[in-house]
Amino acid sequence: MVDKCPVDHGSHSSDQSCPVDHKSRTTWASVLPGSSPTHPVNTSSLSTEREVSSIPRTDNGNWVYPSEAQFFAAMARKNHNPHAPDMKTIIPIHNAVNERAWSELMKWESGRGGEKCGGVKLVTFKGRPNDLTPKARLMTLLGYSAPFDRHDWVVERCGTRIRYVIDFYTGRGAGPSSNNVSFYLDVRPALDNWEGVKMRAENIWQDWFGSVRSTNTPSQS
């Protein structure tokens, strides 16, 4: 099965759901550039095609991203005033950023044995845009911008489940008139179990004293 999603949408059927909850859809729509027309738009032009991600599921399939029509319909159900033309901009960027998040996560997982049992798989993820992580809260107190979104991703590695925290930051391109959006992702294991603590400690040790494993691990800087 490739048509299910990592977020439980309650009464919505699996072919209606998508791998982003309602709060995150609205959050992404607010930070990405769009046309935002003031007149009605024919939504029949929205694509129903869904892109299969590179992110493995636990049932041997891969997660599937929402179509333009699904993203729009989910926002409309929640009265978030979506604009149909914006979907053609939001969907590709949203998908690409989530692919980057998985790539950053896999840097942490590199060399930890997941390949011995079929690879690391994403069990579930949840958008928590209103919940600052302790690190993000500290950075805002120091004067830095707050992330515009947060996800908690739970992965499985050979029977062990690890929760990852992802803070999404956005910025603008150079120049006063630039409308290009850039993204920075801060991906790291949560400190809610021994595995996450060990991974973070190993990474700090590597930054200070050199590699403790033969493979590269991401920097926390």
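How each quantity is defined
Residues numbered from 1 in each chain as written. Predicted model: local features only at pLDDT ≥ 70, side-chain atom pairs only at ≥ 80, totals over all residues. Heavy atoms only, no water. Helix = DSSP H or I, 4+ residues; strand = E, 2+ residues; numbered from the N terminus. Buried < 20%, exposed > 50% of the residue type's maximum accessible area, 1.4 Å probe, protein only. Polar contact = N/O pair within 3.5 Å; in protein donor to acceptor, adjacent residues only side chain to side chain. Axes fitted to C-alpha atoms, helices over the stretch in contact; angles between N-to-C directions. Parallel < 35°, antiparallel > 145°, perpendicular 65-115°, else oblique. Contact = heavy atoms within 4.5 Å. Nonpolar A, V, L, I, M, F, W, Y, C, P; charged D, E, K, R; others polar. Core = buried A, V, L, I, M, F, W, Y, C linked by side-chain atoms within 4.5 Å. Disulfide = S-S within 2.5 Å. Pairing = 2+ DSSP bridges. Phe/Tyr/Trp six-rings, centres within 6.5 Å; stacked < 30°, edge-to-face > 60°. Lys NZ or Arg CZ within 6 Å of the ring centre and 35° of its normal.

(A) Spotlight on the side chain of arginine 112. Mapped onto the elements of the fold, arginine 112 is located in the loop between α3 (87-109) and β3 (121-127). Residue classification places arginine 112 among the buried positions, given a relative accessible area of 15%. Within the local environment of arginine 112, its side chain forms a polar contact with the backbone oxygen of tryptophan 108, the two atoms lying 2.8 Å apart. Polar contacts involving the side chain of arginine 112 include one to the side chain of glutamate 202, which spans 3.0 Å.

(B) The arrangement of the packing of helix α2 (residues 68-77) against α3 in detail. With their axes 9 Å apart at the nearest point, α2 and α3 run at an angle of 105 degrees to one another. Taken together, α2 and α3 sit at an angle that is classed as roughly perpendicular. Every residue of α3 that contacts α2 at Glu68, Phe71, Phe72 and Met75 is listed here: Met87, Lys88, Ile90 and Ile91. In the contact of α2 with α3, the residues fall into 6 nonpolar, no polar and 2 charged.

(C) Seen up close, unusual backbone geometry. Even without a glycine there, the phi angle at asparagine 60 is positive, about 75 degrees. Residue placement: asparagine 60 occurs in the loop between β1 (52-56) and β2 (62-64). Positive phi is not limited to glycine here, since cysteine 158 has a value of about 55 degrees. With respect to the helices and strands, the residue cysteine 158 is situated in the loop between β4 (149-157) and β5 (160-172). For cysteine 158, a relative accessible area of 43% translates into the label partly exposed.

(D) Main features of the nonpolar core. Ranked by size, the top nonpolar core spans 22 residues in total, and within it Trp102, Leu122, Trp153, Val155, Tyr164 and Leu185 carry the most contacts. Mapped onto this core, the elements with two or more residues apiece are α3, β3, β4, β5 and β6 (181-189). With 5 residues, the top contributor of residues to this core is α3. Apart from residues no more than four positions distant in its own chain, tryptophan 102 is found in contact with Ser54, Ile55, Pro56, Val120, Lys121, Leu122, Trp153 and Val155. Counting residues in hydrophobic clusters, the runner-up holds 8 residues, among them Phe71, Phe72, Ala84 and Ile91.

(E) Focus on the state of the cysteines. Going through the model one piece at a time under the given rule, you end up with 1 disulfide. The disulfide bridge from cysteine 117 ends at cysteine 158, spanning 1.8 Å between sulfur atoms. Handedness here is read from the sign of the S-S torsion; for cysteine 117 and cysteine 158, about -95 degrees, the answer is left-handed. Of this pair, cysteine 117 sits in the loop between α3 and β3 while cysteine 158 sits in the loop between β4 and β5, and the two are 41 residues apart along the sequence.

(F) Spatial organisation of the pairing of β4. The buried fraction of β4 is high, at 8 of 9 residues. Here 6 bridges tie β3 to β4, and the two strands are oriented antiparallel to one another. Looking at β4, one finds that phenylalanine 125 is bridged to tryptophan 153.

(G) Structural detail: the packing of aromatic side chains. With the rule as written, the count across this model stands at 5 aromatic pairs. Of the aromatic side chains, those joined through ring pairs into one cluster are Trp102, Phe125 and Trp153. The cationic tip of arginine 57 hangs over the ring face of tryptophan 63; the distance from NZ or CZ to the ring centre is 4.1 Å.

Such coordinate-based values are descriptive only and should not be taken to indicate function.
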